Amino acid sequence: MSLDSDNTVGASPEILEHIIRCNEGSAGSYGADDITKRVDALFSEFFEREVFAFPVATGTAANSLAISCYTPPFGAVYCHGAAHIMVDECNGPEMFTGGAKLVPVTSEGTKLTLESLEAAHARGWSTSFHHAQPSMVSITQATEGGTVYALAEIEAIGGFAKSNGLALHLDGARFCNAMVSLDCSAADMSWRAGVDVVTFGATKNGALAAEAVVFFDKEKAQEFIFRRKRSGHQFSKQRFLSAQLEAMMTDDVWRRNAAHANATARRLSDALEACEGISMAYPVEANEIFVRIPDAAAAKMRASGIDLKSWPEFGPDCYRMVTSWCTGEELIDPVIRAAQAATAGQDGI
C-alpha cells in the first residue's frame, strides 16, 4: 500500500480520451492548432478576465520560466524556506533567470506571512548595489505542508509586493485543491489578490504531463514566448499538451478531481488523528497529510504491509501521505485499519 504522492497515479479517463480524439488527423505545429487556441479562452473564462496561458510539460519549467520573466540575473526572489522552488527544483529558477538569488524567508509553519516578509525586506538590499535586488515574492498554494493560504493572506502579501515594487508569483502545483478547499474563484485566489503570474498545476490533478503558466500582463506573456522556446518547452506537437488542459478545464473535471482528493485526505486524516498517539503536523486543508506516528506504531504498520513515506524535514516521526483524484477506499481503509491496530497494541489487522 502506498500513498507516496499524487504523481504516482495514472491520468483521468477524460484526459486520455481527449488525447486520443486529438490524435486523429493533423493540426498546426508549435501551438498553431485549434486546441491550443481554445486553451487561452478556457483559462480566460476560468480567471474571469483576459489571460495568456502557456502549456509546458513540467512544474519545474513552469515555475522557473514564470519567475525568469520578472527577475533579472541580479534579482532576488523571496520564498519560504521549504518552498518547492527552493528545495526541489535543482536550481532551475537560478538557471533560467541567469543567476538570480532565492532568498528563504523564515516563518512559522509553511506559509509566508506579511510580518516575515517585512522583516526580510527590512535588511535593505534594494538600497545597495552590493546586494541582489528584491524583484519578486513566490508563494506556494497549497503549501509544502498541505495548508492553504486564505484569500486575506494572499491579499496581504500581494499588497506588500505591490507597495515595494515586487511581482508576486503563485506556484499552484495544487492550485485546484486549494480552490476547492477555499470554495473560491480562480480570480479571487490570483489577480484580484495581487498575483502577477500563476503556475497552474494539472499533472497532480489527473493530467499526464501538463502545466500552464498564466499571465495577466500581455507584455510579459510576449516575453515568455521566447523564453519557453529557448528552454525547450515549445513542443512541436503542442496540441497534446493543450488537449490535457482543455479536458481538465471542461465540464469541471478539475473540480471533481480535486474535490475527491481533498475529501479522501480529510477522511483519512480524521481516522488517523482519532488513533491514540497519532497527530497531524499541520492542518489538512488540501490533499496532503503530514502525520506524526510514534516509532513503535509506525514499525507495526510497516510490518503489516503499509508503505510509510518518512518526511524528516518536519521531524523524525513525521510521514507524508498524499491522496489523488482516484484514491479509493481500497487504498486508505487498510492504512486506517493498520493504524488502529498498531496504536491499540494489536499484532495485526
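The following paragraphs examine the structure supplied in this document. (Residues numbered from 1 in each chain as written. Predicted model: local features only at pLDDT ≥ 70, side-chain atom pairs only at ≥ 80, totals over all residues. Heavy atoms only, no water.)

**Some details on the overall build of the protein chain**
Item 1. If you tally the helices and strands in the protein chain, you get 13 helices and 11 strands.
Item 2. In terms of C-alpha radius of gyration, the protein chain reaches 21 Å, essentially the compact-globule figure of 20 Å for 349 residues.
Item 3. Considered along the principal axes of its C-alpha atoms, the protein chain spans approximately 65 × 60 × 30 Å.
Item 4. Each of the 349 residues in the protein chain was classed as buried or not, and the buried ones make up 56%.
Item 5. Considering only intrachain contacts with a sequence separation of at least 6, the fraction spanning at least 24 residues in the protein chain is 75%. (Helix = DSSP H or I, 4+ residues; strand = E, 2+ residues; numbered from the N terminus. Rg over C-alpha atoms; globule rule 2.2 N^0.38 Å. Buried < 20%, exposed > 50% of the residue type's maximum accessible area, 1.4 Å probe, protein only. Contact = heavy atoms within 4.5 Å.)

**Here's the deal with the sheet that holds strand β10 (residues 309-310)**
Item 1. Reading across the sheet, the 4 strands line up as β8-β9-β11-β10 and stay open at both edges, with antiparallel pairing between neighbours. A single partner strand is all that each edge strand has here, and the edge strands are β8 (279-280) and β10. (Pairing = 2+ DSSP bridges.)

**What about the packing of helix α12 (residues 295-303) against helix α13 (residues 329-343)?**
Item 1. Between α12 and α13, the least distance of the axes is 9 Å, while the angle of their chain directions is 135°. Classified by the angle their axes make, α12 and α13 are oblique. Classified by chirality, the crossing of α13 by α12 is right-handed. In this structure, α12 uses Ala-297, Lys-300 and Met-301 to contact α13, whose residues at the interface are Val-335, Ala-338, Ala-339, Ala-342 and Thr-343.
Item 2. Classifying every residue of the contact of α12 with α13 by side-chain character gives 6 nonpolar, 1 polar and 1 charged. (Axes fitted to C-alpha atoms, helices over the stretch in contact; angles between N-to-C directions. Parallel < 35°, antiparallel > 145°, perpendicular 65-115°, else oblique. Left-handed = near helix turned anticlockwise from the far one by under 90°. Nonpolar A, V, L, I, M, F, W, Y, C, P; charged D, E, K, R; others polar.)

**What to know about the packing of aromatic side chains**
Item 1. Counted by the stated rule, this structure contains 16 aromatic pairs.
Item 2. When the ring centre of Tyr-149 is taken as reference, the NZ or CZ atom of Lys-111 above it lies at 5.8 Å.
Item 3. In this arrangement the basic side chain of Arg-123 is found over the ring face of Trp-125, its NZ or CZ atom lying 5.0 Å from the centre. (Phe/Tyr/Trp six-rings, centres within 6.5 Å; stacked < 30°, edge-to-face > 60°. Lys NZ or Arg CZ within 6 Å of the ring centre and 35° of its normal.)

**Overview of empty space enclosed by the protein**
Item 1. Applying the stated criterion to the full structure yields 3 cavities of 30 Å³ or more.
Item 2. The computed volume of the largest cavity comes to approximately 60 Å³.
Item 3. Lining the largest cavity are 11 residues, with Leu-3, Ile-306, Asp-307, Leu-308 and Met-321 sitting closest to its centre.
Item 4. When the residues that make up the lining of the largest cavity are grouped by side-chain class, the tally is 6 nonpolar, 1 polar and 4 charged.
Item 5. Of the voids in this model, the second largest cavity is the one considered here, and its volume is about 50 Å³. (1 Å grid on protein atoms, 1.4 Å probe; cavity = no way out; pocket = protein on both sides within 12 Å on 5 of 7 lines; lining within 4 Å. Points joined across faces, edges and corners; volume = space filled by probe spheres on them.)

Such coordinate-based values are descriptive only and should not be taken to indicate function.
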